[in-house]
Amino acid sequence: MNPLRRLLLSAVLLAASSLALASPTAPKEGAEYQALPEAQPTDSGRKVEVIEFFAYYCPHCYAFEPLLADWVKKQGDNIVFRRVHVPRGQQVAPQQRLFFTLESLGLLEQYHGKVFNAMHVDRLPLAQDEQVFDWASRAGIDRARFIDTYRSFGVQAKVRRAQAMMEAYRVTHWPMIAIDGRFLTSPGMVDEAGTPGQAALPGTLQVMDQLVARAKADKK
C-alpha cells in the first residue's frame, strides 16, 4: 500500500476510534461530563434535580433552549427542573434581575422564550434597567408591579444566591447543566469530547438522559 495512503487510512481509523470512545450515549467522566468534588444539597426528594445555568444574552443558551424545553417536558415527573441566570458584569445584571423578577411574579414560563426572542431576534440589548422596564411594559406586564418586584429584597437575594451557586457548582461556561447536585455537563463538554458543532446540542440531552437514569437508580 502507498505509504501516504496508509498514513491517511491510519488517521481515519484513529479518528473513528476516538469518536467511538466519546459517545453521548455512553458518557465518560472527564469527557462528556464531570463529577463535582463535593455533592451539592438538593431539595427534590426522590426526584432528580436538574438545574440549567444560563444567560439571556448567550447565543448558545438561545440555541439550546427549545431542545431543552422539549426534553424537560418528556422527563415529566422524573425530574425537578429549574434555571439559574448567571451573573456577568453590569451589562448583564439587568437581564439577570429580569429573569428573577419573572420567576418571582410567576410569569417565567410565559415570558422566558419571549425574552430570548427580544434579545436574539429583535436585537434589544436589555442592558439597562429602563430598557428592561420598557420591554416588560410592551410585553403586557404591569409596569409598576414589575419595577417593585425588580427592585425588591427578594430579587436581590436571588441574585446573591445565583452567585453563590455558580461558585459552589464551579460553573465556568454556559449553558451548563447540573444533575442531582453531583454531575455537570454542557454542549461545550460534549463538543470537546468528540460530538462537534450543532450535534453537541442533542448530544448533551443524551448525556443528561444517562446521568438522570444513574441518579434515579441511586435514589432507590
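Just so you know, these numbers come straight off a predicted model, no measurement behind them.

S.K.: Explanation requested: the overall build of the protein chain in the structure shown.
M.R.: Within the protein chain, the regular secondary structure consists of 9 helices and 5 strands. For the protein chain, the α and β elements follow one another from N to C terminus as α-β-β-α-β-α-α-α-α-α-β-β-α-α. With the C-alpha coordinates aligned to their principal axes, the bounding extent of the protein chain is approximately 75 × 45 × 30 Å. The burial tally for the protein chain puts 44% of its 220 residues in the buried class. Partitioning the contacts of the protein chain with sequence separation of at least 6, the portion at a separation of at least 24 is 72%. Of the roughly 11700 Å² that the protein chain leaves accessible, carbon and sulfur atoms contribute 53%. With 26 positive and 23 negative side-chain charges, the protein chain shows a spacing of 3 Å between the two charge centroids.

S.K.: How should the packing of helix H3 (residues 89-104) against helix H4 (residues 108-120) be read in this particular structure?
M.R.: The axes of two packed helices give the description: the angle between them and the distance between them. Relative to each other, H3 and H4 sit at 160 degrees, their axes nearing to 9 Å. Considering their axes alone, H3 and H4 lie roughly antiparallel with respect to each other. Our pair here, H3 against H4, has a crossing hand that is right-handed. Within the contact between the two elements, H3 uses Gln 95, Leu 98, Phe 99, Leu 102 and Glu 103 and H4 uses Leu 108, Tyr 111, His 112, Val 115 and Met 119. Classifying every residue of the contact of H3 with H4 gives 7 nonpolar, 2 polar and 1 charged.

S.K.: Explain the pattern of salt bridges to me, please; I cannot follow it from the model alone.
M.R.: Opposite charge on two side chains lets them pair, provided their charged atoms get close. Under the criterion given, the structure shown has 11 salt bridges. As a salt-bridge pair, Arg 83 and Glu 109 come within 3.4 Å of each other at their nearest N and O atoms. With Arg 83 in strand S3 (residues 79-85) and Glu 109 in helix H4, this residue pair connects regions lying 26 residues apart in the sequence. Classification of Arg 83 by relative accessible area gives buried; the value is 7%. Taking relative accessible area as the criterion, Glu 109 reaches 65% and is therefore assigned exposed. One salt bridge in this structure joins Arg 182 and Asp 180, with 2.9 Å as the shortest N-O distance. Judged by its relative accessible area of 23%, Arg 182 falls in the partly exposed class. One salt-bridge network, in which partners are shared between bridges, spans Glu 52, Glu 65, Arg 83 and Glu 109.

S.K.: What should I look at first to understand the sheet that holds S3 in this one?
M.R.: In a beta sheet, neighbouring strands are held together by backbone hydrogen bonds and run either parallel or antiparallel to one another. Spatially, S1-S5-S4-S2-S3 is the arrangement adopted by the 5 strands of the open sheet, whose pairing is mixed. The sheet is open, and its two edges are formed by strand S1 (33-35) and S3, each paired on a single side. In this sheet, adjacent strand axes meet at a mean angle of 20 degrees when their direction is disregarded. One ladder, built from 4 bridges, connects strand S2 (residues 48-54) with strand S4 (residues 176-179); its direction is antiparallel. Opposite Phe 53, over in S4, you have Met 176 as the bridge partner. Where helix H2 (residues 59-75) meets the sheet, it contacts S2, S3 and S4, and its direction lies at approximately 160 degrees from that of S3.

S.K.: What am I meant to see in the packing of H3 against helix H7 (residues 153-168) here?
M.R.: Taken N-terminus to C-terminus, the directions of H3 and H7 make an angle of 120 degrees; their axes are 9 Å apart at the nearest point. With respect to H7, the element H3 is oriented oblique. Seen from above, H3 lies across H7 with right-handed handedness. Residues Gln 96, Arg 97, Phe 100, Thr 101, Glu 103 and Ser 104 of H3 touch H7, and the partners they reach there are Val 155, Lys 158, Val 159 and Ala 162. When its residues are assigned to classes, the contact of H3 with H7 shows 4 nonpolar, 3 polar and 3 charged.

Thresholds, definitions, all that
- Residues numbered from 1 in each chain as written.
- Predicted model: local features only at pLDDT ≥ 70, side-chain atom pairs only at ≥ 80, totals over all residues.
- Heavy atoms only, no water.
- Helix = DSSP H or I, 4+ residues; strand = E, 2+ residues; numbered from the N terminus.
- Buried < 20%, exposed > 50% of the residue type's maximum accessible area, 1.4 Å probe, protein only.
- Contact = heavy atoms within 4.5 Å.
- Areas by Shrake-Rupley, 256 points an atom, 1.4 Å probe, with all protein chains shown as cover.
- Lys, Arg positive; Asp, Glu negative; His and termini not counted.
- Charge placed at Lys NZ, Arg CZ, Asp CG, Glu CD.
- Axes fitted to C-alpha atoms, helices over the stretch in contact; angles between N-to-C directions.
- Parallel < 35°, antiparallel > 145°, perpendicular 65-115°, else oblique.
- Left-handed = near helix turned anticlockwise from the far one by under 90°.
- Nonpolar A, V, L, I, M, F, W, Y, C, P; charged D, E, K, R; others polar.
- Salt bridge = Lys/Arg side-chain N within 4 Å of Asp/Glu carboxyl O.
- Pairing = 2+ DSSP bridges.

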